[in-house]
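The primary structure of each chain is shown beneath.
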Amino acid sequence: MPENFYLRPNVVMEPLVHHWYAWSHLIPPATAARNETERHLRIMDSFIRSPEAHAAAVKDPKLLGGPFMDLSEDHVDLVKQLADETRNSPLANLSQAICQLDAMLRANAKGYSLEPLYAMVPEPLRGYVELVYDLHNHASFRLLEPLIYKSDFYNPKLQSLMLSVITGDDRPFVLSTPRFKEKNCVHLSTPFASEQIDFLFQLKDRPATFPAIKDRLGLSDEDDEVFSTFLSTRPGRKYQLYDGNAARWRYFGHACILVEAGGASILTDPVLSYTYENNISRYTYEDLPDVIDCVVITHNHQDHLLFETLLQLRSRIRTIVVPRNASGSLQDPSMKLILRQCGFNNVVEMEEMEEAQFGPLHITTLPFLGEHGDLDIRTKLAYFVRVNGHSLLFAADSCNISPEMYRHVHAELGDVDVVFLGMECSGAPMSWLYGPLLTERMERAQDQSRRLAGSNFERGNAIVEQFHSKEVYVYAMGQEPWLNYVMSVKYTPESHPIVQSNQLLEACRAKGIVAERLFGEKEILLP
Ligand SMILES: [Fe+2]
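In this report, we go over the structure that sits alongside the text. In this text the structure is predicted, and so the values were computed from the model without any measurement. (Residues numbered from 1 in each chain as written. Predicted model: local features only at pLDDT ≥ 70, side-chain atom pairs only at ≥ 80, totals over all residues. Heavy atoms only, no water.)

1. A word on unusual backbone geometry
Thought 1: Positioned with a positive phi, Asn137 is a non-glycine residue whose angle comes to about 65°.
Thought 2: Here Asn137 shows up in the loop between β4 (129–133) and β5 (139–143).
Thought 3: Owing to a relative accessible area of 44%, Asn137 belongs among the partly exposed residues under this scheme.
Thought 4: Of note in the backbone geometry, Asp374 takes a positive phi value of approximately 65° without being a glycine.
Thought 5: Assignment of secondary structure puts Asp374 in the loop between β17 (361–366) and β18 (382–387).
Thought 6: Classification of Asp374 as exposed rests on a relative accessible area of 65%. (Helix = DSSP H or I, 4+ residues; strand = E, 2+ residues; numbered from the N terminus. Buried < 20%, exposed > 50% of the residue type's maximum accessible area, 1.4 Å probe, protein only.)

2. Side note on the coordination of the iron ion
Thought 1: Donor atoms from the polypeptide that bind the iron ion are His299 (NE2), His301 (ND1), Glu371 (OE), Glu371 (OE) and Asp397 (OD), placed at 2.2 to 2.6 Å.
Thought 2: Spacing between the donor residues of the iron ion along the chain follows H-x1-H-x69-E-x25-D. Of the two residues, His299 sits in the loop between β13 (292–296) and α9 (307–313) while Glu371 sits in the loop between β17 and β18, which places them 72 residues apart along the sequence. Considered together, His299 and Glu371 belong to a single accessibility category, that of buried residues. (Donors = N, O, S within 2.8 Å, 3.2 Å for Na, K, Ca; no water.)

3. Observations regarding the layout of surface pockets
Thought 1: As a volume, the largest pocket reaches approximately 1000 Å³.
Thought 2: Elements represented by at least two residues in the lining of the largest pocket include exactly α4 (90–108), β4, β5 and α12 (430–434).
Thought 3: Looking at the lining of the largest pocket residue by residue, the classes come out as 13 nonpolar, seven polar and nine charged. (1 Å grid on protein atoms, 1.4 Å probe; cavity = no way out; pocket = protein on both sides within 12 Å on 5 of 7 lines; lining within 4 Å. Points joined across faces, edges and corners; volume = space filled by probe spheres on them. Nonpolar A, V, L, I, M, F, W, Y, C, P; charged D, E, K, R; others polar.)

4. A few points about empty space enclosed by the protein
Thought 1: By the definition in use, this model includes four cavities of 30 Å³ or more.
Thought 2: Roughly 110 Å³ of volume is contained in the largest cavity.
Thought 3: Around the largest cavity sit 13 residues that line it, and Val17, Leu26, Leu91, Asn155 and Leu158 are the ones nearest its centre.
Thought 4: In terms of residues, the lining of the largest cavity owes the most to one element, helix α1 (residues 29–49), which gives three residues.
Thought 5: Here the residues of the lining of the largest cavity are counted per class, giving nine nonpolar, three polar and one charged.

5. Considerations on helix α7 (residues 210–217)
Thought 1: All buried positions along α7 are accounted for by Phe210, Ile213, Lys214 and Leu217. Viewed along the axis of α7, the buried residues span an arc of 95°, placing them on a single side of the element. The exposed set on the far side of α7, more than 90 degrees from its buried face, consists of Pro211 and Asp215.
Thought 2: If you follow the buried residues of α7, they end up packed against β1 (4–7), β7 (186–188), α6 (195–202), β8 (208–209), α8 (224–228) and β9 (231–232). (Arc of directions from axis to C-beta. Contact = heavy atoms within 4.5 Å.)

6. Considering the packing of aromatic side chains
Thought 1: The full count for this structure, using the stated rule, is 13 aromatic pairs.
Thought 2: Judged by centre distance (5.2 Å) and plane angle (80°), the ring pair of Tyr149 and Tyr154 falls under edge-to-face.
Thought 3: Judged by centre distance (5.2 Å) and plane angle (65°), the ring pair of Phe227 and Phe230 falls under edge-to-face. Each member of the pair, Phe227 as well as Phe230, is classed as buried.
Thought 4: Among the aromatic residues, those joined into a cluster by ring pairs are Trp249, Phe394, Phe420, Tyr473 and Tyr475. (Phe/Tyr/Trp six-rings, centres within 6.5 Å; stacked < 30°, edge-to-face > 60°.)

Shown next as structure tokens:
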């Protein structure tokens with residue numbers, strides 16, 4: 001009898017797009033194009049000019065998250081080749097066309113009819129845009145997103161997976177460094193929509209023979225030795241479904257929380273640790289039910305919509321709820337279309353103040369203001385969950401810039417027993433994430449004033465007071481060390497978000513409110 005093998009619980013899968021770690025702006029052609037030329041090419045050219053400067057910068061904790069590549073000098077030739085490919089790719093033309101279209105509109109759209117300007121739309125974008133004014137005669141364009149995905153600008157052949165074994169929390173920051181083949185890694189040229197990914201991760205509890213695995217994944221003989229280190233004849237730990245009478249929530253790190261009740265489950269912003277020996281207790285992939293009824297995504301930042309985790313869970317997720325976007329604006333691509341391109345056929349878009357029900361778990365979506373540099377980005381929602389007479393608010397990075405909004409929500413929904421609130425209240429400047437989308441230089445002072453910042457003490461406290469909450473959990477602080485590869489924050493006790501959230505915790509406790517900044521893991525039963 002040929003032996004059956006399971007996938008080990010500590011096999012890391014890094015999804016890549018053209019060698020770069022896949023985050024959501026690398027899927028839609030327009031945002032991918034701008035990031036390829038305005039982020040990746042710039043970093044690569046800088047590395048080619050001075051690899052030693054990059055080597056020094058990645059060692060400096062103050063520069064964490066900055067545009068520096070974590071690669072040795074002997075990678076210069078590989079990077080040169082990737083930079084050449086990037087410069088000569090169809091996406092480079094698309095990026096340039098976006099820049100030209102903006103310039104054309106600035107020069108010609110003066111409040112008169114836009115119809116004559118269609119003849120001046122750069123060729124790569126013809127038929128893929130509608131030219132529009134807002135009510136102040138500011139001209140811009142609306143991308144016909146579903147059509148662009150059908151064009152040659154969307155190339156799933158550039159998508160691949162890099163597999164390796166992880167034994168500790170230490171992973172390099174992945175957003176500034178392209179990934180090349182290394183020893184002990186297997187690189188699969190698998191598009192994200194491929195069912196091969198489901199097959200691979202179902203091997204965690206549905207074993208198969210080595211020849212069957214090799215055949216299904218299209219592995220080459222030269223990968224045999226490394227790939228066999230990813231497999232084991234022993235199954236992983238089996239998850240015990242929560243079957244108590246209460247509802248239960250468990251904190252998995254950052255903004256990821258599993259709520260279970262009556263056999264149904266909701267998972268917020270899935271970001272998970274793999275399973276390996278470590279000294280910080282945590283829930284991992286092995287602590288999830290076989291079927292997750294609903295995944296909810298709060299917003300389109302790389303630490304909340306993480307393909308690495310979502311793709312591994314894809315076959316287990318019944319429904320993914322995402323916020324609806326502002327149709328066609330460059331800075332706000334449709335999450336639904338992004339996920340559909342990545343093989344999720346069960347995506348439901350919701351708008352503010354809508355409702356959905358999963359078993360005894362009832363969801364109302366709430367507005368999520370701020371934290372996006374004042375850009376018109378609509379893919380943001382907070383989730384208000386009612387279960388067994390309890391109410392929980394998952395506010396993620398919502399910034400309470402308009403407390404009256406919560407007053408209106410309170411008038412509609414009443415009190416909230418438990419508030420989960422992110423308090424990353426320093427925030428990167430707007431350009432850190434959205435800079436590649438800008439086609440005109442922005443003044444530094446403007447950029448610095450428009451931050452990707454969540455609620456501070458005063459703003460968080462106003463939410464707690466408005467909803468008369470009994471429990472407050474500060475979460476989504478990126479503090480878990482197993483998330484360092486996508487987070488660029490390292491706090492000290494003096495860091496502004498820590499000082500501000502401490503202040504909130506103290507103020508809450510002084511009023512008899514249960515208050516805690518979550519770290520690692522937490523479990524609470526709601527009777
Ligand atoms: Fe965020």
